[in-house]
Amino acid sequence: MHCIKKITSDLTWVGANDRRLAMFEGVYSVPGGVSYNSYLLTDDKTVLFDTVDKAVQHRFFENLAEALGDRPLDYLVVQHMEPDHSAAIKELTTLYPQMKIVCNTKTLTMLNQFFDFDADSRAHVVKENDTLNTGKHTLHFIMAPMVHWPEVMVTYDSTDKILFSADAFGAFGALNGALFADEVDFAKDYMDEARRYYANIVGKYGTQVQALLKKATAVEIDMICPLHGFVWRKNLQDFTTKYAQWGSYEPEDRGVMIAYASIYGNTENAAEILSSQLRDRGVKTVMFDVSVTPASEIISAAFRWSHLVFASATYNAGIFVTMEALVNDLVAHNIQNRTVALIENGSWAPTSGGLMRDKLEKCKNIKVLDNTLRIKSSVKASQLPVIAAMAEAIATDIKPVSANDNRTELPDNPIDLTTMTKLTYGLFVLTARDGDKDNGCIIDTVVQVGDSPIRITAGVRKVNYTLDMILKTGEFNLSILTESAPFRIFEHFGLRSGKDIDKFAGSSYENRTANGIRYLPEYTNGVISAKVVGSHDCGSHILFVADVVQAFMLSEEPSVSYQYYAERIKPKPALSKERTSGFICTVCGYVHESDTLPDDFICPLCKQGASAFVKV
Ligand code: FEO
């Protein structure tokens, strides 16, 4: 029976999971299984993106038939020819004889190598940036050689902004009913398997991964559909950032991975003493016995941690077999940018340390610490200081950059007020009522800080009359202003004082919320009534903490941001014709036309001090 998943109205996952596979590619254990993803786009034309491994093709064909219904399959896009994605191609040509195969020239060569059907006659050959219009959708083909084979290409659907990423952004692990990464706790439950997949499958090709990421940043991507693992539709940067880090061979964490190969436990003993000494120095460590832990897990850890220790017995005058295999594997995976320490053991002629050094020093930017620890059969008390010295050398090297290392002197004018304008603010009319008196002012600092209860903070300037009313009554309303609000609203509520005028005199509306306080029914998309539960003196302002007691929408118009107001609503300040210099208030735009600005100057409009002014 089919088991398909809808991704969008016209895109369906038709892949399958394999939980019986012992060794992926014959090398990598997959205790959590693996998914082989295939996607069907049903536009005016129908397009299938890749197929699956032969082990699950029965389910795949059921899925494809269900998703197609009675429609033919017009195109198969072959992004990657490795058989875990291409095994079902020949059967597809039989089932769907009219199907064209979209591929590049390298893929076509491989199609003819892997299969014996006539691939050339049904090939639709594409090259970099070629497109295929399928009706509503336009597919763009982007070459991604060596991510993970030379023929690999990815496809970008510019209509729905979906990247079909081939092996890139894949992960080990069956999907277990979920399809999207946001349906699971990916960071906790799947990141280790994603790293293991990356390090072992494409880790060698970091340069090519970076080239693909560079191409990907040129387009807007809302969703990533890889050939293994989950589809990404939210928080894509959580994963793309990891890929960028892995592709650059930069470690994710500062700490030590210790891998040891021990025949009778004496090399292991040295590794454990070192690990203990490192922990005593506050350094994180992980340990692996290379004879029992699958190499793919150790390769993955080596991509994660900043410092690597290899401890090996000498065997047949060389490196112990399992350690030699691991080091060769790491070198083959292009490990770079790490600090390495070595421990060698040998009862008569220890050689493993020097041999490991020879191999690892061939890698790019690998620093091997000088003080290799040599054990003759077992660790002796006299060697404990040597192990301590190694731990100290690693701990010193690993020390994170101190906050003091790059600290700069505090300049004479340490606060550039322009920086403060880059904070994101909305703008609000804050209203209150005291007895028969209504008043309101403009504020820009409202933030929701809790949802049970729904709690907000609002900062109000001390000189504002509205603040006095709220201190007395403990209640206020917020009218959330929209981008259509004209400057006269800001001028009326923000640049005049309720002590001098009645701001609601002559207004054409009398709208009040359940607390009896006025709100603005125009240029407002929502209204909030709140009851004060606390306050904090912030110098020029009082910060109220208040619980929301009523909230309702008035429109779907966008809220105005402070930046939008400053750039598009507030009139540009200008000097009078006679003057060539003066001082502008960076908050309200008031221009003080004078060659000097007294230190105790207060803006007559918004009551900011002299520090808010800049010379023009
Ligand atoms: Fe999942 Fe390189 O194949």
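Residues numbered from 1 in each chain as written. Predicted model: local features only at pLDDT ≥ 70, side-chain atom pairs only at ≥ 80, totals over all residues. Heavy atoms only, no water.

Some points on helix α6 (residues 191–202)
Convention followed: Strands here are runs of E lasting at least two residues and helices are runs of H or I lasting at least four, both read from the DSSP assignment and numbered beginning at the N terminus. Any helix carries an expected span of 1.5 Å times its number of residues minus one. The rule is simple: take the accessible area with a 1.4 Å probe, protein chains only, and divide by the maximum for that residue type; under 20% is buried, over 50% is exposed, in between is partly exposed. Contact definition: two residues touch when any of their heavy atoms are within 4.5 Å.
Taking 1.5 Å as the rise per residue, α6 with 12 residues should run 16 Å; its terminal C-alpha atoms sit 16 Å apart, in good agreement. Burial within α6 is extensive, with 10 of its 12 residues counted as buried. Check the buried side of α6 and you find it contacts β4 (23–24), β5 (28–29), α5 (186–189), α7 (206–216), α8 (236–247) and α10 (295–304).

Side note on the side chain of Asp-167
As a reminder of what qualifies: Lys and Arg are tallied as positive, Asp and Glu as negative. Neither His nor the chain termini are counted. Here, a salt bridge means any side-chain nitrogen of Lys or Arg that lies within 4 Å of a carboxyl oxygen of Asp or Glu.
In this structure, Asp-167 sits in the loop between β15 (162–164) and α5. Within the buried core, Asp-167 has no salt-bridge partner, and the shortest N-O distance to an opposite charge, that of Arg-196, equals 14 Å. If we skip the residues at most four places from it in the chain, Asp-167 touches His-80, Glu-82, His-85, Val-147, His-148, Tyr-197, Ile-201, Leu-227, His-228 and Tyr-243.

As for a nonpolar patch on the surface
Heads up, the rule is: Like-charged residues are merged into a patch within 9 Å and nonpolar side chains (Val, Leu, Ile, Met, Phe, Trp, Tyr) within 5 Å, provided each residue has over 30% relative accessible area and no salt bridge. Only the protein chains shown count as covering a residue, and every accessible area follows the Shrake-Rupley method with a 1.4 Å probe.
Together, Ile-263, Tyr-264, Tyr-315 and Val-321 give the surface a local cluster of nonpolar side chains, amounting to about 450 Å² of exposed area. Mapped onto the elements, Ile-263 comes out in the loop between β17 (253–261) and α9 (266–280). With a relative accessible area of 37%, Ile-263 lands in the partly exposed category.

Here we look at the pairing of strand β19 (residues 305–315)
How we decide: When DSSP finds two or more bridges between a pair of strands, those strands are recorded as paired.
Most of β19 is tucked away, with 10 of its 11 residues classed as buried. When β17 meets β19, the two strands line up parallel, connected through 7 bridges. Bridge pairing links Met-257 to Leu-308 in β19. Across 7 bridges, β19 lies against strand β21 (residues 338–345) in parallel orientation. Along β21, the bridge assignment pairs Leu-308 with Val-340. With 2 bridges connecting them, β19 and strand β20 (residues 318–319) associate as antiparallel partners. What sits directly across from Tyr-315, in β20, is Gly-318. Here β19 folds back onto β20, and the loop between the two strands holds 2 residues, one of which, Asn-316, carries a positive phi near 50°.

Things to note about the sheet that holds strand β31 (residues 583–585)
If you walk across this open sheet you meet the 3 strands as β32-β31-β33, and the pairing is antiparallel. At either end of the open sheet lies a strand with only one pairing partner, and these are β32 (591–592) and β33 (613–615). As paired strands, β31 and β33 are joined by 3 bridges and run antiparallel to one another. Opposite Cys-585, over in β33, you have Phe-613 as the bridge partner.

Digging into the sheet that holds strand β16 (residues 223–225)
The condition that has to hold: Every axis corresponds to a line fitted to the C-alpha atoms, with the helix fit spanning only the stretch in contact, and the corresponding angles, defined between N-to-C directions, vary from 0 to 180 degrees.
Overall, mixed pairing links the 5 strands, which are arranged β12-β13-β14-β15-β16 in an open sheet. In the strand order of this sheet, the two ends are held by β12 (131–133) and β16, each with one partner. Between one strand and the next, the sheet's axes are offset by a mean angle of 20°, whatever the strand orientation. Pairing geometry for β12 and strand β13 (residues 138–143), over 3 bridges, is antiparallel. Bridge pairing in β13 links Thr-131 to His-140.

Looking at the packing of α10 against helix α11 (residues 321–332)
In a pair of packed helices, the angle between the axes and the distance between the axes together describe the arrangement. Put simply, the test is: Working definition: roughly parallel below 35 degrees, roughly antiparallel above 145 degrees, roughly perpendicular at 65 to 115 degrees, and oblique for all remaining angles. The sense of a crossing depends on the near helix, which, turned anticlockwise from the far helix by less than a right angle, makes the crossing left-handed and, turned clockwise, makes it right-handed. Amino acids are sorted into nonpolar (Ala, Val, Leu, Ile, Met, Phe, Trp, Tyr, Cys and Pro), charged (Asp, Glu, Lys and Arg) and polar (every other residue, Gly among them).
Packing of α10 against α11 leaves a shortest axis separation of 10 Å and a crossing angle of 50°. By the criterion of interaxial angle, the relationship of α10 to α11 is oblique. Read as a crossing pair, α10 and α11 show a hand that is right-handed. Seen from α10, the contacting residues are Ala-295, Ile-298, Ile-299 and Ala-302; seen from α11, they are Leu-326, Asp-329 and Leu-330. Its residues placed into classes, the contact of α10 with α11 shows 6 nonpolar, no polar and 1 charged.

Overview of the layout of surface pockets
The gaps left among the atoms become clear once a water-sized probe is rolled over them. Just so we agree on the cut-off: Computed over the protein atoms alone on a 1 Å grid, cavities are sets of points where a 1.4 Å probe fits but cannot get out and pockets are open sets with protein on both sides within 12 Å along at least five of seven lines; a residue lines them when it has an atom within 4 Å of a point. Grid points are joined across faces, edges and corners, and a volume is the space filled by probe spheres set on the points.
Taken as a whole, the largest pocket encloses approximately 1100 Å³ of empty space. Only α14 (417–420), β25 (437–443), β27 (454–461), α15 (465–473), α16 (487–494), β30 (541–553) and α17 (562–569) provide two or more residues apiece to the lining of the largest pocket. At 4 residues, β25 tops the list of elements feeding residues into the lining of the largest pocket. Looking at the lining of the largest pocket residue by residue, the classes come out as 23 nonpolar, 14 polar and 7 charged.

Some remarks on the pattern of salt bridges
Taken as a whole and judged by the stated rule, the model has 28 salt bridges. For the salt bridge of Lys-234 with Asp-182, the shortest nitrogen-to-oxygen distance reads 4.0 Å. Note that Lys-234 is positioned in the loop between β16 and α8 and Asp-182 in the loop between β15 and α5, a separation of 52 residues in sequence. For Lys-234, a relative accessible area of 48% translates into the label partly exposed. By relative accessible area, which is 30% here, Asp-182 ends up partly exposed. Measuring nitrogen to oxygen at the nearest pair gives 2.7 Å for the salt bridge that ties Arg-374 to Glu-344.

Section: the packing of aromatic side chains
For clarity, the cut-off: Each Phe, Tyr or Trp ring, with Trp reduced to its six-membered ring, pairs with another whose centre is within 6.5 Å; inter-plane angles below 30 degrees give stacked pairs, above 60 give edge-to-face pairs, and intermediate values give tilted ones. Note on criteria: charge over ring means Lys NZ or Arg CZ within 6 Å of the ring centre, with the direction from the centre no more than 35 degrees off the ring normal.
Enumeration according to the criterion identifies 31 aromatic pairs in this entry. Judged by centre distance (4.9 Å) and plane angle (70°), the rings of Tyr-315 and Phe-320 are edge-to-face. For the pair Tyr-519 and Phe-552, a centre-to-centre distance of 5.4 Å together with 75° between the ring planes defines the contact as edge-to-face. One end of the pair, Tyr-519, is in the loop between α16 and β29 (524–537); the other, Phe-552, is in strand β30, with 33 residues separating them in the sequence. What makes Tyr-519 buried here is its relative accessible area of 10%. Taken together, Phe-169, Phe-186, Tyr-190, Tyr-198, Phe-230, Trp-232, Phe-239, Tyr-243, Trp-246, Tyr-249 and Phe-303 form an aromatic cluster joined through their ring pairs. When the ring centre of Phe-180 is taken as origin, the NZ or CZ atom of Arg-233, which lies over that ring, is 3.7 Å away.

Focus: helix α12 (residues 352–360)
Here is the rule: Note: the arc covers the axis-to-C-beta directions of the helix.
Restricting attention to buried positions, one finds in α12 the residues Ser-352, Gly-353, Met-356, Arg-357 and Leu-360. Taken around the axis of α12, the buried residues stretch over an arc of 135°, which confines them to a single face. For α12, the secondary structure elements touched by its buried residues are β19, β20, α11, β21 and β22 (366–368).

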